[in-house]
Amino acid sequence: MAKKALITGVTGQDGSYLAEFLLDKGYEVHGIKRRASSFNTQRVDHIFQDPHEAQPRFFLHYGDLTDSSNLTRIMAEIRPDEVYNLGAQSHVAVSFEAPEYTADVDALGALRLLEAIRFLGLEGQTRYYQASTSELYGLVRETPQTETTPFHPRSPYAVAKLYAYWMTVNYREAYGLFACNGILFNHESPRRGETFVTRKITRGLANIAQGLEGCLYMGNLDALRDWGHARDYVRMQWLMLQCEQPDDYVIATGEQHSVRQFLIWAAGELGIVLEFRGAGIEEIAVVASVSGDKAPALKPGDVVMRVDPKYFRPAEVATLQGDAGKAHRQLGWKPQTTLPEMIAEMVANDLQIARRHALLRHHGLAEPVAAEGK
Ligand code: NDP
Ligand code: GDR
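Residues numbered from 1 in each chain as written. Chains lettered and ligands numbered in written order. Predicted model: local features only at pLDDT ≥ 70, side-chain atom pairs only at ≥ 80, totals over all residues.

Undergrad: How should the sheet that holds strand β2 (residues 28–33) be read in this particular structure?
TA: What links the strands of a sheet is backbone hydrogen bonding, and the strands pair in either a parallel or an antiparallel sense. The strand order across the open sheet built from seven strands is β3-β2-β1-β4-β5-β6-β11, with neighbouring strands paired in parallel fashion. The open sheet has two edge strands, β3 (58–62) and β11 (249–251), and neither has a second partner. With direction set aside, neighbouring strand axes in the sheet form an average angle of 20°. Note: β2 against β3, five bridges, orientation parallel. Among the inter-strand pairings, Lys 33 is bridged to a residue of β3, identified as Tyr 62. Seen against the sheet, helix α2 (residues 68–78) touches β1 (4–8), β2 and β3 and runs at an angle of roughly 165° to β1. Most of the contacts of helix α5 (residues 156–175) go to strand β5 (residues 127–133), to which it runs at about 150°, and overall it touches β5 and β6 (179–184). (Pairing = 2+ DSSP bridges. Helix = DSSP H or I, 4+ residues; strand = E, 2+ residues; numbered from the N terminus. Axes fitted to C-alpha atoms, helices over the stretch in contact; angles between N-to-C directions. Contact = placed C-beta atoms within 7 Å.)

Undergrad: What should I look at first to understand the UniProt feature "binding site: NADP(+)" (unreviewed entry) in the chain in this one?
TA: Under the present numbering, the feature "binding site: NADP(+)" (unreviewed entry) in UniProt falls on Tyr 128. With respect to the element layout, Tyr 128 can be found in strand β5. When neighbours within four sequence positions are excluded, Tyr 128 is seen to be in contact with Val 83, Asn 85, Leu 114, Ile 117, Thr 168, Leu 177, Phe 178 and Ala 179. (UniProt positions renumbered as here; feature names shortened; annotations may be inferred.)

Undergrad: Would you mind going over unusual backbone geometry with me for this structure?
TA: Glycine aside, negative phi is the norm for most residues, and most peptide bonds take the trans geometry. The peptide bond linking Thr 143 to Pro 144 adopts the cis configuration, its omega dihedral lying at -5°. Tracing the backbone shows Pro 144 in the loop between β5 and α5. The backbone of Arg 79 shows a phi angle near 50°, a positive value even though the residue is not glycine. Position of Arg 79 relative to the elements: it lies in the loop between α2 and β4 (82–85). Here Arg 79 falls in the exposed class, since 12 other C-beta atoms lie within 10 Å of it. (Buried ≥ 20, exposed ≤ 12 C-beta atoms within 10 Å, placed from the backbone.)

Undergrad: Just checking my understanding: could you explain helix α10 (residues 339–362) for this structure?
TA: Owing to its 3.6 residues per turn, the α-helix aligns residues three or four sequence positions apart on the same side. Across its 24 residues, α10 extends 34 Å between first and last C-alpha, which sits within 8% of the 34 Å expected from 1.5 Å per residue. Those residues of α10 that fall on the buried side of the exposure criterion are Leu 339, Met 342, Ile 343, Met 346, Val 347, Asp 350, Leu 351, Ala 354 and Ala 358. Residues of α10 that are buried sit in contact with β7 (187–188), α6 (197–209), β10 (228–229), β12 (257–258) and α8 (259–269). (Expected span 1.5 Å × (residues − 1).)

Here it is as structure tokens:
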């Protein structure tokens, strides 16, 4: 019998990579998707199987992490071997604007799933993965951060995730549930949401290079992050649930770079050399030179980035750098994709999309480019 997995957040970046990974391993995969007024399954459309086909192994169920009865019913119907709780209001800046909703989904959502497992008597059968985060460290007390570094969350998102982290530990200790926290540092991909900083940069620069947008407006360019590739990180989510004993693991590359450096490298992929002028909220990025054929709309002297204080956060996480030594020693995990490789993949993807838009526009079939967000 194929193992059954239930993924919350299956329509998100990680959910889509994890669903692909588990299907490749022969799992029957069930995902929870939210009802929306327009299609929200773009990231999993390529693996969707019509339920009318012979022996489908990928199923989507309508649901929401704020709805206990819905979660319990889905859990009762599937009786999964593994639950991956990836669903979340995952945007840190948005959590300052919607703190209560963020707590409901990110903190209580985890509790609802854990309680459903317990209520249905599935403790002996169902293993649980909680998508914890490096945001728990917040105001960092030591570098690099490990599984024993103290937490100091700095946003409603991180505080909600702290509750979910401890609930996961508590259900392991109180009820013997096989429950693990993956403390994942930032991970990106061409499927990354458009309002997270890496994708905002690769998408924004590709659009500017093709003449579809004028300028990128950014927040804190000095923030330091440890960026890996989502594909590498979902492998570790699965590995954690295959161990003999449940435990918590940091997943990171161990390397740290600034947002400004990411911007420089992404521009480089488009043949653009940037020069930064000014400081603080006056800082701008100007094109110093352009080469190749990827940025036909740009010339030296063009301003492609301005800092806008609107994107600063009420409390910032200035620096994060993880030490995934435990995951390496105990589970043999190591990231496989380097940051330059990932940036190249993201820029190539966004350039292809931008070129398509530019071509449509050229033929008078202009589509509006979605407005940039947070
Ligand atoms: P995304 O934002 O790409 O995906 C979030 C998913 O959660 C989407 O499928 C979204 O649905 C779903 N979701 C949101 N609200 C609800 C709700 N109320 N009920 C059910 N589902 C909901 O996040 P990522 O894939 O990047 O991250 C996956 C998880 O890992 C998240 O929990 C995130 O907080 C955590 N994490 C992420 C890191 C990263 O760098 N990516 C690092 C550390 C932790 P919809 O598509 O409809 O919006
Ligand atoms: P983060 O990711 O907050 O680390 O959370 P994000 O990409 O949003 O920000 C990273 C850093 O870049 C700075 N920044 C900007 N951020 C955004 N979004 N937009 C901007 O214009 C901008 N300019 C500068 C931010 O201030 C920040 O310091 C992500 C999410 O995936 C979480 O769900 C996850 O838990 C953590 O990573 C680990």
